[in-house]
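Summary of the model geometry
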Amino acid sequence: MSQSSPAPGVPAEKPSFDFIRQIVADDLASGKHPCVITRFPPEPNGYLHIGHAKSIYLNFSLPLEFPGEAAGSGCHLRMDDTNPAKEEVEYVDSIKEDVRWLGFEYGSHFYNASDYFEFFHECAVHLIRAGKAYVDFQTSDEMRANRGTLTEPGRPSRWRDALPEENLVEFAKMRAGEYPDGHCVLRAKIDLGSANLNLRDPALYRIVHAEHHSTGRAWCIYPMYDYAHPLEDAKEGVTHSLCTLEFEAHRPLYDWVIENCPVPAKPRQIEFAKLQLTFTLLSKRNLRRLVEDGVVTGWDDPRMPTLAALRRRGLPPAAIREFCRQIGLTKFNARTEIGLLDKCVRDELNKSVPRYFGVLRPLKVTIANWPAGQVEMIEAANNPERPELGTRQVPMSGELWIEQDDFMEDPPKEFFRLGPGREVRLRYAYNITCTEVVKDADGCVRELVCTYDPESRHGGKKVKGIIHWVSAAHAQAVPVRLYDRLWTVEEPGGDVEKELNPRSLEVLSDSQVEPAVAAMEPGERCQFERLGYFIADAHDSRSGSPVFNRIVGLKDSWAKVAAKK
RNA sequence: UGCCCCGUGGUGUAAGGGUAGCACAAGUGAUUUUGGUUCAUUUAGUCUAGGUUCGAAUCCUGGCGGGGUAGCCA
């Protein structure tokens with residue numbers, strides 16, 4: 001290996017692969033495998049989240065990256081349904097939907113671990129005959145006590161040296177349902193003194209009298225993950241079985257099963273670091289709690305990190321794929337900044353969606369010198385950077401809504417927008433100058449009176465401030481939900497009460513939008529100019545009366561300036 | 001406490017004994033009828049102590065730090 005290093009100064013020709021792609025490329029080059037087959041093996045006991053997207057992206061993309069001789073490559077979607085107590089069909093359906101939504105195809109390669117129950121059983125019999133597995137009648141407490149500790153070896157069960165014939169009989173009884181849950185277990189006979197606790201005679205099968213979502217009552221013994229997973233992989237011809245770091249210590253057991261069972265292929269397990277994000281909690285247990293405690297409205301609440309929630313929030317799948325590409329792949333336990341996801345979402349939306357006017361928090365503007373009753377149609381580009389997206393007509397009149405944030409009664413000089421006596425441009429239309437501030441009895445600004453410059457339609461005074469607006473008479477009021485991060489700390493997981501963001505959701509009921517926005521169909525996305533990207537919520541919108549979710553805000557450099565003051 | 005894995009700018013990730021690079025973030029400037037986009041530019045890094053070598057982020061040893069691991073969960 002070292003003698004093949006390039007000569008000094010000669011740049012490497014190879015693209016920069018991560019360590020897994022390197023292994024795959026080497027296996028293909030050496031002829032170890034003619035193609036690469038991976039698998040994404042979720043347990044159908046919950047919803048998929050952005051962390052799973054990393055794994056889905058890896059497993060489904062990788063086989064596509066090795067063309068030519070690698071024909072036959074692909075990724076299988078497989079439900080790891082070996083525990084009937086926790087799994088439900090509802091989750092199977094949502095997992096399939098999420099994978100397809102992300103843009104990946106598994107074609108006919110959809111499998112269930114339960115498809116192989118008979119095979120697992122044959123392998124177990126094989127192990128028993130070979131004297132490599134035995135039925136243990138110790139209670140789970142006894143087993144734990146006799147497993148030893150990190151520094152002391154385990155002690156053998158009195159059933160450890162039972163004869164294969166006896167074990168065969170007992171295992172048959174297990175399968176026949178003659179014993180209740182927890183009465184005994186089939187164990188591999190490996191090494192009670194191993195420093196790796198996973199090798200101290202791990203359980204292979206346990207008794208569970210429960211309805212399985214796909215095999216019903218056909219079985220009452222179910223294989224453990226460590227036993228079933230390598231066999232599933234081998235059965236499907238998986239070449240590279242990619243999983244997360246916590247399975248590293250299980251690899252010797254994975255290899256033991258492959259070595260000791262009559263398998264048709266020899267897959268290799270490789271571990272990588274799972275995704276962790278700042279200001280985000282990803283563990284299924286914690287997400288479930290948020291749902292059950294009513295902190296969020298459900299698994300698809302747009303503040304959740306589940307794929308169902310991100311879909312509803314409006315994130316485009318292409319942005320998630322790009323994010324997964326950018327975060328890289330290592331064995332280092334890293335935490336990626338959530339801002340990178342936002343960046344990917346903005347990049348994707350910036351180039352793909354139209355840009356319209358919407359006023360989130362309206363402030364009335366009356367244009368004193370506007371001809372009474374006149375309505376002028378203003379042509380506006382749907383996306384100035386993509387002329388092929390066309391233009392639209394925006395109605396303009398003497399009564400407008402502008403953003404409350406675009407006016408300050410006593411503005412600093414860095415504030416480019418409207419203030420008493422100041423002039424700004426209404427985007428695509430005219431310059432206006434604020435001549436009067438109308439307040440209510442409490443001193444709150446209720447309305448601005450302005451004059452417009454009729455000569456400024458395509459020129460006029462050059463001003464620094466440009467603001468969005470809608471004509472009051474033509475605007476439609478719509479509900480808008482402004483989502484923010486659920487957590488206030490980079491590494492949530494401590495005191496929920498203290499760490500939860502009380503302002504993760506703000507609902508606006510009186511936002512005013514231009515006709516093009518009012519006409520958006522459920523699921524349609526756009527940019528509200530100067531504000532951010534929004535989607536007409538697919539669940540709550542109806543044709544003609546959309547309800548908007550903010551997907552992500554635009555970068556706001558004024559907010560940074562303002563924050564410094 | 002044993003064993004295993006991992007330590008590169010603020011964050012994420014390259015460099016497989018030979019110039020420490022890229023992206024994000026942050027700063028500055030230019031362009032701009034979105035304080036957006038785009039473009040230019042700046043700041044900033046090999047955990048530590050030894051060893052091998054002409055030469056170490058890379059190989060070896062120790063230390064320090066982080067993670068995993070004692071389910072009849074996956």
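Refer to the preceding data block for the structure.
Anyway, here's the lowdown on the structure attached to this text. The structure displayed is predicted, hence computed values, not measured ones.

Quick look at the side chain of Asp406 now. Tracing the backbone through its elements, the reader meets Asp406 in the loop between strand E15 (399-403) and strand E16 (423-426). On the accessibility criterion, Asp406 (2% relative accessible area) is buried. Every residue in contact with Asp406, bar those within four places of it in the chain, is listed here: Phe415, Arg417, Leu418, Ile467, His468 and Arg530.

As summarised here, the arrangement of the seven strands in space is E19-E16-E17-E18-E12-E15-E20, forming an open sheet in which the pairing is mixed. Every other strand in the sheet has two partners, leaving strand E19 (466-467) and strand E20 (470-471) as the edge strands with one partner each. Pairing between strand E12 (residues 362-367) and E15: five bridges, direction antiparallel. Looking across to E15, one finds that Thr366 is bridged to Glu399.

Further remarks concern the environment of Val375. Tracing the backbone shows Val375 in the loop between E12 and strand E13 (376-381). In this structure, the C-alpha to C-alpha distance between Val375 and Ser397, residues 22 residues apart in sequence, is 4.9 Å. In contact with Val375, not counting residues within four places along its chain, are Pro395, Met396 and His474.

To describe two helices that pack against each other, one gives the angle between their axes and the distance between the axes. It is at 9 Å that the axes of helix H7 (residues 225-236) and helix H8 (residues 251-260) come closest, and there the two elements cross at 60°. On the basis of their axis angle, the class for H7 and H8 is oblique. Classified by chirality, the crossing of H8 by H7 is right-handed. In contact with Asp226, Tyr227, His229, Pro230, Leu231, Asp233 and Ala234 of H7, H8 contributes Leu253, Tyr254, Val257 and Ile258. When grouped by side-chain class, the residues that make up the contact of H7 with H8 number eight nonpolar, one polar and two charged.

In contact at an axis separation of 10 Å, helix H4 (residues 117-129) and H7 are set at 115° when each is read in the N-to-C sense. In this view, H4 runs roughly perpendicular relative to H7, as classed from their interaxial angle. Taken as a pair, H4 and H7 cross one another with a handedness that is right-handed. Packed against H4, whose contacting residues are Phe119, Phe120, Cys123, Ala124 and Leu127, the element H7 presents Tyr227, Ala228, Leu231, Glu232 and Lys235 at the interface. In the contact of H4 with H7, the residues fall into eight nonpolar, no polar and two charged.

Time to look at the environment of Pro252. Inspection of the secondary structure puts Pro252 in helix H8. A sequence separation of 12 residues divides Pro252 from Pro264, and the C-alpha atoms of the two residues are 19 Å apart. In this structure, Pro252 is in contact with Asn196 and Leu199, ignoring residues within four places of it in sequence.

Within the open sheet, the seven strands sit side by side as E10-E23-E24-E25-E21-E22-E11. Their pairing is mixed. The two strands at the open ends of the sheet, each matched to only one other strand, are strand E10 (355-356) and strand E11 (358-359). Judged from the two bridges that link them, strand E21 (residues 476-483) and strand E25 (residues 548-553) form a sheet pairing that is parallel. Residue Val480 lies in a different strand from E25, and its bridge partner there is Phe548. Most of the contacts of helix H12 (residues 338-352) go to E25, to which it runs at about 110°, and overall it touches E10, strand E23 (525-528), strand E24 (532-536) and E25.

The final tally for this structure, using the stated rule, is 25 aromatic pairs. Between Tyr116 and Phe120, the ring centres sit 6.2 Å apart and the planes meet at 70°, which makes this aromatic pair edge-to-face. On the accessibility criterion, Tyr116 (8% relative accessible area) is buried. The exposure class assigned to Phe120 is buried, which follows from its relative accessible area of 0%. On the numbers, 4.1 Å between centres and 20° between planes, the contact of Phe528 with Phe534 is stacked. Taken individually, Phe528 and Phe534 each receive the classification buried, so the pair is uniform in this respect.

In this section: the pairing of strand E4 (residues 133-136). Here E4 shows no split at all, with Ala133 and Val135 on one side and Tyr134 and Asp136 on the other all buried. Relative to strand E5 (residues 185-188), E4 runs antiparallel, the two sharing four bridges. Opposite Asp136, over in E5, you have Val185 as the bridge partner.

Criteria and cut-off values
- In this convention, every chain numbers its residues from 1, walking through the sequence in written order.
- Here chains are named by letter from A upward and ligands by number from 1 upward, in the order in which they appear as written.
- Reporting in this predicted model follows two pLDDT cut-offs: at least 70 for local features of residues, and 80 or more for side-chain atom pairs to be given and counted; totals over whole chains, interfaces and linings ignore these cut-offs and use all residues.
- Side-chain measures here rest on the full set of heavy atoms in the structure, leaving out hydrogens and waters.
- Starting at the N terminus, helices and strands are each numbered in turn, a helix being any DSSP run of H or I of at least four residues and a strand any DSSP run of E of at least two.
- A simple rule labels every residue: compare its accessible area, found with a 1.4 Å probe on the protein chains alone, to the largest value its type can have, and call it buried under 20%, exposed over 50%, or partly exposed in between.
- Every residue pair with non-hydrogen atoms within 4.5 Å of one another is taken to be in contact.
- Two strands qualify as a pair provided DSSP detects at least 2 bridges between them.
- Each axis is a line fitted through C-alpha atoms, and for a helix only the stretch in contact is used; angles between axes span 0 to 180 degrees, taken between their N-to-C directions.
- Note on angle classes: values under 35 degrees are labelled roughly parallel, values over 145 roughly antiparallel, values of 65 to 115 roughly perpendicular, and the remainder oblique.
- With the far helix as reference, a near helix turned anticlockwise by less than a right angle produces a left-handed crossing, and one turned clockwise produces a right-handed crossing.
- For this classification, Asp, Glu, Lys and Arg are treated as charged, while Ala, Val, Leu, Ile, Met, Phe, Trp, Tyr, Cys and Pro are nonpolar and the rest, including Gly, are polar.
- Only centres within 6.5 Å qualify two rings of Phe, Tyr or Trp (six-membered ring in Trp) as a pair; their planes then separate them into stacked at under 30 degrees, edge-to-face at over 60, and tilted for everything else.

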